[in-house]
Amino acid sequence: MMHTTDIYDVIIVGGGHAGCEAALASARMGMKTILFTMNISTIAQMSCNPAIGGLAKGHLVRELDALGGEMAKAIDDEGIQFRMLNKSKGPAVWSLRAQADRLGYSVRMRRALEGQENLEIKQAVVNSIIVESGKCCGVKIFTGTEFFCRAVILTAGTFLNGLIHIGMVSFPSGRAGEFAVAGLTEDLVKYGFEALRLKTGTPPRIDGRSVNLDKMTVQHGDPDPVPFSFQTEKIVQDQMPCYLTMTNSKTHEIINSGLDRSPLFTGKIVGIGPRYCPSIETKVIQFPEKNSHQLFLEPEGRNTTEYYLNGFATSLPEDIQASAIQSVTGMEHAKITRLGYAIEYDFFPPGQLLPTLETKRIENLFFAGQINGTSGYEEAAVQGFMAGVNAVLKVRNEPPFILHRSQAYIGVLIDDLITKEIYEPYRMFTSLAEYRLLLRQDNADLRLTEYGYKLGLVPEEYFFKVKLKRESVHQYIDELKKMRLSPDKANPILERKSSATITESESILQLLKRPNISIQDFNGIIDHPIFSSNIEEKLKKEIREQVEIEIKYEGYFQRQQEQVSRFEKLENQFIPDKMNYDQIDSLSNEAREKLKQIRPLSLGQASRIAGVSPADIAVLMVFLKRQ
Amino acid sequence: MVNELDDTIAAIATPPGRGGIAIIRLSGKEAIAVTVKFFNCGIKIEEIEPRRAVVGKVIDEDGFAIDEAIAIFFKSPGSYTKEDLVEINTHGGIYLSQKVLELAIKNGARLAKPGEFTLRAFLNGRIDLSQAEAIADLIQARTDASIRASYVQLDGRLSKKINEISNLLLDYCSLLEIELDFSEENIEFVQRTDLIKKVDAAKQELEKLVATFQIGRIAREGVKLVITGKPNVGKSSLLNALIMEERAIVTEIPGTTRDALEVQLDIHGFLFRIIDTAGIKKTEDKIEREGIRRAKKHLESADVILHVFDGSLPIENDDKVIMDEIDKLDSAKVIRIINKNDLAQQIESKDLEQRDTPVVSISALQNRGIEILDQELHNLILNVNENISGNEAIVTNVRHWEILNRVKENLTGALREAEQGASSEFISLYLREALDCLGQITGKVTTDDILNNIFSKFCIGK
């Protein structure tokens, strides 16, 4: 059998959002890395929505950026519309979202990979892994050639036994127009891995020349777009609008008439789909009282007239898709360029993973992205990055890099994956982060850049900039604490803002705690750099923003910080690898089974497993202290 | 919530029942600091000598000394748990020991979970390995039992009520989370006025529940029966007649009973805590005045009041003062007793008859008419019993009471945020903590529950 003489440090199987971040992290950390993809032309392809970020997902992208990932910079270059969502809420739940130029993004990411030292890209299908004495040490590709390495990261997306459904037609495919991968799941199952099926779907694409956009509501990006990456100074490119229209009772009638040929409702599809991203037919059936649903036409890119019909994910037959769409205002003559479809695919329930994303069953084998049951480019990318970093640390025999729930959304995501049972494709929500008031997108750099720097993924110069930012924020807050404002100076401003006036001089810090008073209200009347009216530089703007947020929400942050301290106490009580739960008679049977299956690393993780009661935790605690 | 390891815990160490003394034990960093907040022994905290019995007064939240007690302070590591530890020896009785425990909790301790003192003793290395195995079994058995017990103990009505509140909070949490996680969806968001109305209603329900701890207390600790009257009408004689043993000091010098005296008595299978108080009258005597002040305080917390008159004397101003005092209280049931019916009578029953207040004529000294009083008490018990087994949910468990109080505080926080127009995540901060607390009674409420609720009720996903 043929094999290459080169021995790689890390092999990545898959060139999607997880695979790209994994490969870049590995190569940037100096590892000899190779990435296999079935099609080099579709590297970092956005299979579904041409957009990055969104509520909670924007947090993930910023965290990834602070750690030294690529996604934020790529979307900053290739975004065609930027919006900060939830601006009417508090800063903790603001989130960035950008429409992307689909092809542009893919090319931009491919350029990053091709420009990366230590990184080889190869077009090939991987059919099996090579395992020696319980350790993964390579992969075998479709030609039979073997590639050896010290760690393998599997990021196969929806390609494993992918099965596309359009009406009653179904065929094997990993994504529209691409082959599925057969054999790799079966190979892994042979080693004892459990594989299950999930389902997801995508809406049809529409020819922009066939729709009347004037009949729709136009939706523009923010006038002053904020970049994703902390290191991007400014978004310079023009933005493109999206368009909003609505379904109507006629549309719903047509959809209902096609249900007898719906693979979803005739029982043809067995995989479970995401409830937060239902197909249009699911929405119509489950919420019959709603006679209209929103549809967004999102541009596929700058150099195409194609639109993505957000809100209309479907696997209905072709004729129903076409006539239902033509019943919508502005789409009376709409032509479908690509049909909507549902896809079923294999995933490996992520309870089989360690927090490093290494599999428990086979050493040096890592899983990241959609094969772990997640959905979303951002969720995939952060997993790819974390798997990449941890594969490198494993190869180097260094301690792993694990983020806690109290440190990052990334920590919440991975802990959820390895601890909870996954019933549907997992996506990030802010409500999943218990400590979300502290885990903001605006402070991702302050929270995480130091880790990225220590891993060698963030340049020193930028790290020092973040350090300066942190120090300035602390220093300014201290200074504002001491500065007082007299009534004659403060009251005209307070009056203008309809805020209660003061009779004695008041500290500026106290005034800034008032809900409708901001730093900029005092511009010019206080002699301090933060009150300068012409702050243009991004760093200075960010410092001012941080100072303001820290002052305004201090009380809430303290309350959350107390919750974090309680959480960390249990989190820091580790459970040894070789814990024999059968020896502990006092555990309830259900808890014992769950603990044996998940093998939590800490008491904190154990306490989050469904079926493990506080009593079981007390018993575990006793045994741990005995060690 | 699982066990915390470095906070201060408290529990009654002696078995429940009517022993001569009860021991309340506190352990943890703040054990001594918490104790001196309600145990007044006149020694500064830094001068307290370890392992020496100290006499002092247990002071309740209103500043009254409710018992004279002995405390023994242990400094870490020289204690059973190897932490700072205090043992307070009080007079026996469920009421008093519960009261001291409540004081400890109100002053910063947390109610210990079953086996938690032993657990700490082990964790801090006090107990050896071979014992640990047994303790683990013990803890498991006892916590399991207690969790189940406290869940089962939640009778239908209480669990129904708590579930109602929990579901309401879950709904509003979901509505708030929708605003945060699905703000791009075409969904109408919850009106703040509606949220405030509903959460406020839930808070009031909780306040009612927390208040039922009082009624629950009757079931748990018995009926508090207070004997009152002006001096020398024979209150202590009545008490003696009731318990048929010479326990209270009976003399003819007015004002002998300067402090309250408590006797526990089983009447028709129901526990009565009978409190004989000082006679109430105008006086210059400082000590006597203190006794009278306490007597009035007891009246306020009484379930049943026996107001004793001296039938051999006409109704005097002092009698009327007390009647007015009792009229001000709306909670207690009153029985008026004309004592000394062995002497020539100057008061007749009809002089005292008023609405549903029964009047009983007796001679405490000659044990005459006591059986009629007994019958009246029995009637009252039936009433009280009906209250307990009626349709109202009642909180009887200190742990539940403690949790519900925390829920209440969080709802107050949520309402404050909502009224100030704060963004949803800040209201949610409090509502979710409230839900977490309720989860300790009804079982975990997780983020998944919130999301499930959202997905089942709202059309999400564009």
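Residues numbered from 1 in each chain as written. Chains lettered and ligands numbered in written order. Predicted model: local features only at pLDDT ≥ 70, side-chain atom pairs only at ≥ 80, totals over all residues.

Description of the overall build of chain B
Filter applied, for reference: Here a strand is any run of E in DSSP of at least two residues, a helix any run of H or I of at least four, and the numbering for each starts at the N terminus. Labels follow a simple rule on C-beta atoms placed from the backbone: if 20 or more others lie within 10 Å of a residue's own, it is buried; if 12 or fewer, it is exposed; otherwise it is partly exposed.
Regarding its fold elements, chain B presents 14 helices and 13 strands. Burial statistics for chain B: of 462 residues in total, 43% are counted as buried.

Brief notes about the overall build of chain A
The criterion, for reference: Each radius of gyration reported is based on C-alpha atoms, and the globular scaling rule is 2.2 Å times the count of residues to the power 0.38.
For chain A, the count of helices and strands is 19 helices and 22 strands. Taken over C-alpha atoms, the radius of gyration comes to 26 Å for chain A, in line with the 25 Å a tight globule of 627 residues would show. For the C-alpha atoms alone, the extent of chain A along its principal axes is close to 85 × 70 × 50 Å. Expressed as a percentage of the 627 residues in chain A, the buried residues total 52%.

Overview of helix α17 (residues 589-598) of chain A
All names here are of chain A. Note the following rule: Note that the arc is computed from the directions linking the helix axis to the C-beta atoms.
Along α17, the positions that sit buried rather than exposed are Ala591, Lys594, Leu595 and Ile598. Projection of α17 onto a plane perpendicular to its axis shows the buried side chains occupying an angular sector of 100°, all on one side. The positive-phi residue at the C-terminal boundary of α17 is Arg599, with phi of around 50°.

Focus: the environment of A:Asp478
If you trace the backbone, A:Asp478 turns up in helix α12 (residues 460-482). Between the C-alpha atom of A:Asp478 and that of A:Leu509, which follows or precedes it by 31 residues, the distance is 9.2 Å.

Quick look at the sheet that holds strand β12 (residues 196-202) of chain A
Residue and element names in this part refer to chain A. Which entries qualify depends on this criterion: Pairing between strands requires that DSSP locate at least two bridges from one strand to the other. Every axis in this analysis is a line fitted to C-alpha atoms, fitted for helices over the stretch in contact. Angles between the N-to-C directions lie between 0 and 180 degrees.
Taken together, the four strands give an open sheet; going across it, the order is β11-β10-β19-β12, and neighbouring strands pair in antiparallel fashion. A strand with exactly one partner marks an edge of an open sheet, and here the two such strands are β11 (169-172) and β12. Averaged over all adjacent pairs, the angle separating strand axes in this sheet is 20°, with direction ignored. In this sheet, strand β19 (residues 341-347) lies alongside β12 in antiparallel orientation, the contact comprising seven bridges.

Some words on the domain arrangement of chain A
All names here are of chain A. Inclusion rule: The start and end points of each domain follow an automatic or database-based domain assignment. Residue pairs qualify as contacts under a 7 Å threshold applied to their C-beta atoms, which are placed from the backbone. Lys, Arg, Asp and Glu make up the charged group, whereas Ala, Val, Leu, Ile, Met, Phe, Trp, Tyr, Cys and Pro make up the nonpolar group; the residues left over, Gly among them, are polar.
The domains assigned to chain A are domain 1 (3-201 + 345-455), domain 2 (205-341), domain 3 (460-555) and domain 4 (573-626). Placing a centre on the C-alpha atoms of domain 1 and another on those of domain 4 gives a separation of 30 Å. Counting residues at the interface gives six residues for domain 1, matched by nine residues for domain 4. Looking at the side of domain 1 that touches domain 4, its residues break down into one nonpolar, two polar and three charged.

Examining the nonpolar core
Quick note on the threshold: To define a nonpolar core, we join buried Ala, Val, Leu, Ile, Met, Phe, Trp, Tyr and Cys residues through C-beta atoms within 7 Å and take the resulting set.
One finds A:Val152, A:Ile153 and A:Phe366 to be the most contacted residues of the largest nonpolar core, which totals 160 residues. Broken down by element, this core gets its largest block of residues, eleven residues, from helix α5 (residues 156-181) of chain B. With residues up to four places along the chain from it excluded, the contact list for A:Phe366 reads A:Ala151, A:Val152, A:Ile153, A:Leu154, A:Leu357, A:Glu358, A:Ala387, A:Asn390 and A:Ala391. In this structure, B:Ile274, B:Ile292, B:Val334 and B:Leu380 belong to the second largest nonpolar core, which totals 36 residues.

Quick look at the pairing of strand β6 (residues 85-91) of chain B
Residues and elements named next belong to chain B. Burial runs high along β6: five of the seven residues are buried. Sheet topology note: the strand β2 (residues 21-27)/β6 ladder contains seven bridges and is antiparallel. Bridge assignment links Ile23 to a residue of β6, and that residue is Asn89. Bridging between strand β5 (residues 65-74) and β6 involves five bridges; their strand directions are antiparallel. The residue of β6 that forms the bridge with Phe73 is Val86.

Section: the sheet that holds strand β3 (residues 51-53) of chain A
All names here are of chain A. The strand order β3-β5-β4 describes an open sheet built from three strands, whose pairing is antiparallel. The open sheet is flanked by β3 and β4 (79-85), the only strands paired with a single partner. Neighbour-to-neighbour, the strand axes of the sheet open up by a mean angle of 20°, direction not taken into account. Of the pairings in the sheet, the one linking β3 to strand β5 (residues 95-100) comprises three bridges and is antiparallel in character. Paired with Ile52 across the two strands is Ala98, which belongs to β5.

What to know about the packing of helix α6 (residues 249-257) of chain A against helix α8 (residues 318-326) of chain A
Residue and element names in this part refer to chain A. Rules: In this scheme, roughly parallel covers angles under 35 degrees and roughly antiparallel covers those over 145, while 65 to 115 is roughly perpendicular and the rest are oblique.
Viewed as axis vectors pointing N to C, α6 and α8 meet at an angle of 170°, and their least axial separation amounts to 8 Å. Here α6 lies roughly antiparallel to α8, going by the angle between them. Counting all contacts with α6, which are made through Thr251, Ile254 and Ile255, the residues of α8 involved are Ile320, Ser323 and Ala324. Of the residues that constitute the contact of α6 with α8, the class distribution is four nonpolar, two polar and no charged.

Thoughts on the packing of helix α1 (residues 17-28) of chain A against helix α9 (residues 377-395) of chain A
Residue and element names in this part refer to chain A. Formally: Here a crossing is taken to be left-handed if its near helix is turned anticlockwise relative to the far helix by less than a right angle, and right-handed if that turn runs clockwise.
Two numbers describe how α1 lies on α9: the axes approach to 7 Å, and their chain directions differ by 30°. The angle between α1 and α9 places the two elements in the roughly parallel class. As for how α1 packs across α9, the hand of that crossing is right-handed. Two secondary-structure elements touch here, α1 through His17, Ala18, Gly19, Cys20, Glu21, Ala22, Ala23, Ala25 and Ser26 and α9 through Tyr377, Ala380, Ala381, Gln383, Gly384, Phe385, Ala387, Gly388, Val389, Ala391 and Val392.

Focus on the environment of A:Leu437
Tracing the backbone through its elements, the reader meets A:Leu437 in the loop between α10 (409-419) and α11 (444-455). For A:Leu437, a count of 23 C-beta atoms within 10 Å gives the class buried. Apart from the residues lying within four places of it in its own chain, the contact partners of A:Leu437 are A:Ala92, A:Tyr553, A:Tyr556, A:Phe557, A:Gln560, B:Glu425 and B:Leu429.

Digging into unusual backbone geometry
The peptide bond linking B:Ser76 to B:Pro77 adopts the cis configuration, its omega dihedral lying at 0°. When you line up the elements, B:Pro77 lands in the loop between β5 and β6. For A:Asn86, which is not a glycine, the phi torsion comes out positive at approximately 65°. The residue A:Asn86 is located in the loop between β4 and β5 in this model. Taking the C-beta count within 10 Å as the criterion, A:Asn86 has 22 such neighbours and is therefore assigned buried. For A:Arg599, which is not glycine, the phi torsion reads 50° and is therefore positive. When you line up the elements, A:Arg599 lands in the loop between α17 and α18 (603-607).

Details of the confidence of the model for chain B
Residue and element names in this part refer to chain B. In plain terms, the rule: pLDDT measures how confident the predictor is about each residue, on a scale from 0 to 100.
Residues of chain B with pLDDT of at least 70 account for 73%, and the chain-wide mean is 77. At the low end of the mean pLDDT range in chain B sits helix α4 (residues 129-153), at 41; at the high end sits helix α1 (residues 31-38), at 93. Contacts from residues 132-154, a stretch scored under 50 in pLDDT, to residues over four places away or in other chains number 39 contacts. A low-confidence stretch, residues 245-258 stays under pLDDT 50, and its non-local contacts, those more than four residues away or across chains, total 33 contacts. This complex was scored by the predictor with a pTM of 0.77 and an ipTM of 0.85.

A short note on the environment of A:Leu438
Residues and elements named next belong to chain A. With respect to the helices and strands, the residue Leu438 is situated in the loop between α10 and α11. For Leu438, a count of 19 C-beta atoms within 10 Å translates into the label partly exposed. The spacing of Leu438 and Ile206 is 232 residues in sequence and 41 Å in space, taken between C-alpha atoms. In this structure Leu438 touches Phe557 and Gln560, once residues within four positions along its chain are discounted.

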